[in-house]
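What follows is each chain in one-letter form.
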Amino acid sequence: MEPIKVQFNVTWQSKNGNMLQIGVFFLQTLICLSGLIAYAKYYDCDILTIGTIKKGEQILPFLVLDILGQFHGFPGLFVATIYSAALSTISTGMNSLAAVCITDFVKPFYKNKYGVSLTEKTATYTTKAIALFFGLAAIGMAFACQFFGNTVMQLTSSIFGLLGGPLLGVISLGMFIKKANWVGAIVGLILSTIGSIYLGIIGILYNKTSGLKPVSTNGCTNTTKTPTTSLISPIENDDSSLLPQLSYLYYSLCACIISYFFGIVISLLVEKMKWIEIKPIKPEYLFDLNIWNKKKFGQNKVDIEFKQKSIELTEDNST
């Protein structure tokens, strides 16, 4: 029964992964179809240009109200689905952040200061308070996003690029560079984080607008424009500097390059000068190119155990 159990677990994980991919594909298809419907509706009257909406992400809610506003209940159903999806995702993130904070920061600090562990009742109330704090912070950031000139998607991608780029650089540095050590990794992480934050601040201050395709307002019946306000005052763009012209999509790449460069240089310098005793990296922690060999591809631990137990079961049944 053990090989059957292992095969069931592998098959179950494979089916879950396939279902997840199908769900993501279906969701992306719906998003693309929504954009095509919005373009077909407003291709000759850009509602962003004439001032009907103030931001690009307001097109879809306006489209729903414009088309389905005459049907009672449909706009409310749309708002309910948006809120349910957002609340489920945000609540999971808030609870995860609260659990990480109380496990990695609050409990060790409390034990080191008072010499006893935090009780379950106190830990529960503290977790709820931390989750409430992160929730209020998220609500405040959501209200602040309306005053920025950039779209929410651009701000989200910029934040992920600024914070995820240094981590990606450090992790890949340890995987692919044999000479890398912990000193170079830490220095590369710190410098790449500082550099990426600098790029993000420059991008916000200069408020570089993304290149939009030409739009038409010939089909509009009302071309009265409404003024819009912005919290960030854009600075005059200097054509001689390349940093303000850098797209937010390249923040992660720049952070990886900085992390790689300084990580390799500092690692070689520390190893050459012998300032700190560095232990060699174990070969199993490095990326092995032989994984793409046909003889070794797919031979993971689960597959090997399953084959061995299947052979043993077959031999027992034959005897």
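The notes below deal with the structure included here. In this text, all values refer to a predicted model and were calculated from it rather than measured experimentally. (Residues numbered from 1 in each chain as written. Predicted model: local features only at pLDDT ≥ 70, side-chain atom pairs only at ≥ 80, totals over all residues. Heavy atoms only, no water.)

## Comments concerning the pattern of salt bridges
Going through the model one piece at a time under the given rule, you end up with one salt bridge. Glu271 is the partner of Lys179 in a salt bridge, and the nearest nitrogen-oxygen pair spans 3.6 Å. On the criterion of sequence distance, the pair formed by Lys179 in the loop between helix H5 (152–176) and helix H6 (182–206) and Glu271 in helix H7 (residues 251–273) is long-range, its members being 92 residues apart. (Salt bridge = Lys/Arg side-chain N within 4 Å of Asp/Glu carboxyl O. Helix = DSSP H or I, 4+ residues; strand = E, 2+ residues; numbered from the N terminus.)

## Overview of the packing of aromatic side chains
Taken as a whole, this structure holds six aromatic pairs when the rule is applied. Note on Phe261 and Phe262: the rings are 5.2 Å apart at their centroids and 85 degrees apart in plane angle, and the pair reads as edge-to-face. (Phe/Tyr/Trp six-rings, centres within 6.5 Å; stacked < 30°, edge-to-face > 60°.)

## Overview of a nonpolar patch on the surface
A surface patch of nonpolar side chains, about 1200 Å² in accessible area, is lined by Trp182, Ile186, Ile190, Leu191, Ile194, Phe261, Phe262, Val265, Leu269, Met273, Trp275 and Ile276. Only H6 and H7 provide two or more residues apiece to the nonpolar patch. Along the chain, Ile190 falls in helix H6. Accessibility expressed as a relative area gives 46% for Ile190, which makes it partly exposed. (Patch = residues over 30% accessible without salt bridge, like charges linked within 9 Å, V, L, I, M, F, W, Y side chains within 5 Å. Areas by Shrake-Rupley, 256 points an atom, 1.4 Å probe, with all protein chains shown as cover. Buried < 20%, exposed > 50% of the residue type's maximum accessible area, 1.4 Å probe, protein only.)

## Side note on H7
The terminal C-alpha atoms of H7 lie 33 Å apart, and with 23 residues this matches the ideal 33 Å at 1.5 Å per residue to within 8%. Burial in H7 covers these residues: Tyr251, Ala255, Cys256, Ser259, Gly263, Ile266, Ser267 and Val270. One or two residues past the end of H7 sits Lys274, with phi positive at roughly 55 degrees. (Expected span 1.5 Å × (residues − 1).)

## Observations concerning the state of the cysteines
Applying the stated criterion across every chain yields a total of one disulfide. Disulfide pairing is shown between Cys45 and Cys220; the S-S distance is 1.9 Å. The disulfide joining Cys45 to Cys220 has a torsion of about 115 degrees about its S-S bond and is therefore right-handed. Of the two residues, Cys45 is situated in the loop between helix H1 (2–42) and helix H2 (59–68) and Cys220 in the loop between H6 and H7; the sequence distance between them amounts to 175 residues. As far as the burial class goes, Cys45 and Cys220 line up, both buried. Just so you know, Cys254 is unpaired, no disulfide at all, and the nearest cysteine sulfur is the one on Cys256, 9.4 Å from it. (Disulfide = S-S within 2.5 Å.)

## Here we look at the packing of helix H3 (residues 74–114) against helix H4 (residues 120–144)
At a closest axis distance of 8 Å, the pairing of H3 and H4 adopts a crossing angle of 125 degrees. Our classification of the angle between H3 and H4 gives oblique. The element H3 and its partner H4 pack so that their crossing is right-handed. Residue-level inspection shows Met94, Asn95, Leu97, Ala98, Cys101, Ile102, Val106 and Lys107 of H3 in contact with H4, the latter providing Ala123, Thr126, Thr127, Ile130, Ala131, Phe134 and Gly135. Counted by class, the contact of H3 with H4 contains 10 nonpolar, four polar and one charged residues. (Axes fitted to C-alpha atoms, helices over the stretch in contact; angles between N-to-C directions. Parallel < 35°, antiparallel > 145°, perpendicular 65-115°, else oblique. Left-handed = near helix turned anticlockwise from the far one by under 90°. Contact = heavy atoms within 4.5 Å. Nonpolar A, V, L, I, M, F, W, Y, C, P; charged D, E, K, R; others polar.)

## A look at H6
Between its first and last C-alpha, H6 extends 36 Å over 25 residues, near the 36 Å set by a 1.5 Å rise per residue. All of the buried residues in H6 are Val183, Gly184, Ala185, Gly188, Ser192, Gly195, Ser196, Leu199, Gly200, Ile202 and Gly203. Between a side-chain oxygen at the N-terminus of H6 and the backbone nitrogen of Val183 the separation is 3.2 Å; the capping residue is Asn181. (Polar contact = N/O pair within 3.5 Å; in protein donor to acceptor, adjacent residues only side chain to side chain.)

## A few points about the side chain of Ser192
Along the chain, the position of Ser192 falls in helix H6. The class for Ser192 is buried, based on a relative accessible area of 0%. Those residues within four positions of Ser192 in sequence are excluded, and the remaining contacts are Pro166, Ala255, Ile258 and Ser259.

## A short note on the packing of H2 against H3
Packing of H2 against H3 leaves a shortest axis separation of 9 Å and a crossing angle of 155 degrees. For the element pair H2 / H3, the angle class is roughly antiparallel. In this structure, H2 crosses over H3, and the sense of that crossing is right-handed. Every residue of H3 that contacts H2 at Leu60, Pro61, Val64, Leu65 and Leu68 is listed here: Phe74, Pro75 and Phe78.

## Here we look at the environment of Gly219
Turning to its location among the elements, Gly219 is positioned in the loop between H6 and H7. Given a relative accessible area of 38%, Gly219 falls into the partly exposed group. Linking Gly219 and Asp44, residues 175 residues apart in sequence, is a C-alpha distance of 5.0 Å.

## Quick notes on the nonpolar core
Counting seven residues, the largest nonpolar core consists of Ala98, Cys101, Ile102, Leu118, Ala123, Ile130 and Ala131. Those elements giving two or more residues to this core turn out to be H3 and H4. Non-local contacts of Leu118, meaning those with residues more than four positions away in its chain, are made with Ile102, Val106, Lys107, Tyr110 and Ala123. Membership of the second largest hydrophobic core comes to five residues, among which are Ala38, Tyr42, Ile53 and Leu63. (Core = buried A, V, L, I, M, F, W, Y, C linked by side-chain atoms within 4.5 Å.)

The analysis is restricted to geometry; functional conclusions fall outside its scope.
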